[in-house]
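Here's the letter readout for the chains.
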Amino acid sequence: MRIEVSDVGESVRKVALVGRLDTSGVLGIETSFVTALVPHGKHAVVDLSKVEFIGSMGLRMFISVARTMRDKQMKLVFYAPQPLVNNVLETAAFARIAPVCADAAQAVAATQA
Amino acid sequence: MPGAEHILRFPATRAAYEQAFADLRCTLEAQAVEAKARYNVELIFEEIVTNIICHGCGHGPHGSIEVSLGFDNGAIVMKFCDNGPAFDPRGHKVAEISSIEEARIGGLGIELVRRASAGIDYQRTPQDENHLTVTVAAR
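Procedures and definitions
Residues numbered from 1 in each chain as written. Chains lettered and ligands numbered in written order. Predicted model: local features only at pLDDT ≥ 70, side-chain atom pairs only at ≥ 80, totals over all residues. Heavy atoms only, no water. Axes fitted to C-alpha atoms, helices over the stretch in contact; angles between N-to-C directions. Helix = DSSP H or I, 4+ residues; strand = E, 2+ residues; numbered from the N terminus. Parallel < 35°, antiparallel > 145°, perpendicular 65-115°, else oblique. Left-handed = near helix turned anticlockwise from the far one by under 90°. Contact = heavy atoms within 4.5 Å. Nonpolar A, V, L, I, M, F, W, Y, C, P; charged D, E, K, R; others polar. Buried area = accessible area lost by both parts, 1.4 Å probe. Salt bridge = Lys/Arg side-chain N within 4 Å of Asp/Glu carboxyl O. Polar contact = N/O pair within 3.5 Å; in protein donor to acceptor, adjacent residues only side chain to side chain. Expected span 1.5 Å × (residues − 1). Buried < 20%, exposed > 50% of the residue type's maximum accessible area, 1.4 Å probe, protein only. Core = buried A, V, L, I, M, F, W, Y, C linked by side-chain atoms within 4.5 Å. Pairing = 2+ DSSP bridges.

Colleague: It is not clear to me how the packing of helix α3 (residues 83-91) of chain A against helix α2 (residues 35-55) of chain B should be interpreted in this structure. Could you clarify?
Modeller: To describe two helices that pack against each other, one gives the angle between their axes and the distance between the axes. It is at 10 Å that the axes of α3 of chain A and α2 of chain B come closest, and there the two elements cross at 50°. With respect to their mutual orientation, α3 of chain A and α2 of chain B come out oblique. Both α3 of chain A and α2 of chain B take part in a crossing whose hand is right-handed. For the pair formed by α3 of chain A and α2 of chain B, the contact residues are L84, V85, N87 and V88 of chain A on the first element and A35, K36, Y39 and L43 of chain B on the second. Looking at the contact of α3 of chain A with α2 of chain B residue by residue, the class counts come to six nonpolar, one polar and one charged.

Colleague: Could you clarify how one ought to interpret the interface of chain B and chain A in this entry?
Modeller: How big an interface is tends to be expressed through the accessible area that disappears when the partners come together. Residue-level contacts link 27 residues of chain B with 25 residues of chain A. Here chain B meets chain A over a buried area of about 2,300 Å², counting both sides, of which 59% is carbon and sulfur. At the boundary of chain B with chain A, the tally comes to one salt bridge. Viewed at the interface, chain A and chain B are joined by five residue pairs in polar contact (both at pLDDT 80 or more). Contributing elements (two or more residues each) for the side of chain B that touches chain A: α1 (14-30), α2 and α3 (108-116) of chain B. Among the residues forming the side of chain B that touches chain A, the class breakdown is ten nonpolar, six polar and eleven charged.

Colleague: Explanation requested: helix α2 (residues 56-71) of chain A in the structure shown.
Modeller: For an α-helix, the turn length of 3.6 residues means that residues three or four places apart are oriented alike. Residues and elements named next belong to chain A. For α2, which comprises 16 residues, the first-to-last C-alpha distance of 22 Å matches the rise-based estimate of 22 Å (1.5 Å per residue) to within 8%. Looking only at α2, the buried set comprises S56, G58, L59, M61, F62, I63, V65, A66 and M69. Phi turns positive one or two residues past the end of α2, at Q73, with a value near 65°.

Colleague: Is there a simple way to explain the nonpolar core in this structure?
Modeller: If you look at soluble globular proteins, the nonpolar side chains tend to sit buried side by side. Ranked by internal contacts, the top residues of the largest apolar core, which has 69 residues, are L17, F33 and F62 of chain A together with F45 and F80 of chain B. Setting aside residues up to four positions removed in sequence, L17 of chain A forms contacts with M1, R2, I3, I29, F33, V46, D47, L48, K50, V51 and F62 of chain A. Counting residues in each nonpolar core, the second largest holds seven residues, with V45, V77, C101 and A107 of chain A among its members.

Colleague: For this particular structure, what's the right way to read the pattern of salt bridges?
Modeller: Working definition: two side chains of opposite charge can pair if their charged atoms are close together. The tally for this structure, following the rule as stated, stands at 14 salt bridges over all chains. With a closest N to O distance of 2.9 Å, D7 of chain A and R13 of chain A form a salt bridge. Since its relative accessible area comes to 38%, D7 of chain A is described here as partly exposed. Looking at R13 of chain A, the relative accessible area reads 14%, which means it is buried. Between D121 of chain B and R90 of chain B there is a salt bridge, and its shortest N-O distance comes to 3.4 Å. Placement of D121 of chain B in strand β4 (residues 119-124) and of R90 of chain B in the loop between β3 (75-82) and α3 is noted, with a sequence separation of 31 residues between them. Among the residues examined, D121 of chain B registers a relative accessible area of 42% and is labelled partly exposed. Under the relative-accessibility criterion, R90 of chain B is labelled partly exposed at 41%. Residues joined by salt bridges that share partners form a network here, namely R20 and D22 of chain A together with R25, E29, R38 and E42 of chain B.

Colleague: Could you clarify how one ought to interpret the sheet that holds strand β2 (residues 64-72) of chain B in this entry?
Modeller: Strand pairing in a sheet relies on backbone hydrogen bonds, with the paired strands running either antiparallel or parallel. Residue and element names in this part refer to chain B. Ordered in space as β1-β2-β3-β5-β4, the five strands form an open sheet in which the pairing is antiparallel. A strand with exactly one partner marks an edge of an open sheet, and here the two such strands are β1 (4-11) and β4. Direction aside, neighbouring strands of the sheet carry axes that sit 15° apart on average. Looking at chain direction, β2 and β3 are connected through eight bridges and run antiparallel. By the bridge assignment, S68 is partnered in β3 with K79. In the packing of α2 onto the sheet, the strands contacted are β1, β2, β3 and β5 (130-137), and the crossing angle to β3 comes to about 10°.

Written as structure tokens, this is what we have:
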């Protein structure tokens with residue numbers, strides 16, 4: 001599992017996740033994921049296009065970070081999940097936790113809405 | 001290969017799980033399982049075995065897990081056997097996520113297993129073992 005962090009302008013952080021968000025993958029990147037998003041006071045978008053698998057551990061990590069950012073008045077938006085990953089997000093009604101957009105432009109726009 | 005059965009036996013530890021999961025992926029590759037079914041099998045394996053290790057027999061020194069995979073026309077049958085405390089996932093009630101405020105962190109895994117499977121059966125044997133059978137549509 002790999003995490004790539006960059007900034008989109010001054011107010012939005014972009015995090016791209018690459019690999020499998022199974023238990024091992026989450027344990028490997030959870031600290032980096034939280035550190036990349038929570039302390040900086042920026043809205044964030046998360047690129048899921050290279051995530052091949054997500055299980056409940058990955059969902060838990062996302063829910064926990066989304067809740068923490070919401071408490072700090074920051075928005076967290078996900079985008080471009082692969083179809084089978086999107087099935088899991090839909091099964092968990094994840095859109096009720098955080099928006100899931102089709103692409104990066106929509107996701108960045110959603111952070112400004 | 002219709003009718004084929006593969007059995008994975010491993011200690012209920014995180015390290016052994018990693019190797020078993022790698023073996024599972026090799027088996028699914030060898031059986032040319034379609035992408036959606038493969039995802040569902042891997043998801044169910046991940047959720048059930050992790051649950052056994054975290055909440056079941058993983059706390060004791062002699063915990064063990066056996067997973068058999070049966071490949072037949074139209075279905076993949078996964079049988080999980082462990083010697084941990086009794087746990088029937090069929091009776092596990094999970095509230096649907098309604099909002100970020102109400103989202104529960106626990107219980108998601110069992111709900112994912114339910115949605116990914118075509119059927120779930122459970123028995124607690126006289127030998128104090130959990131026998132959980134999960135059927136996955138192969139197509």
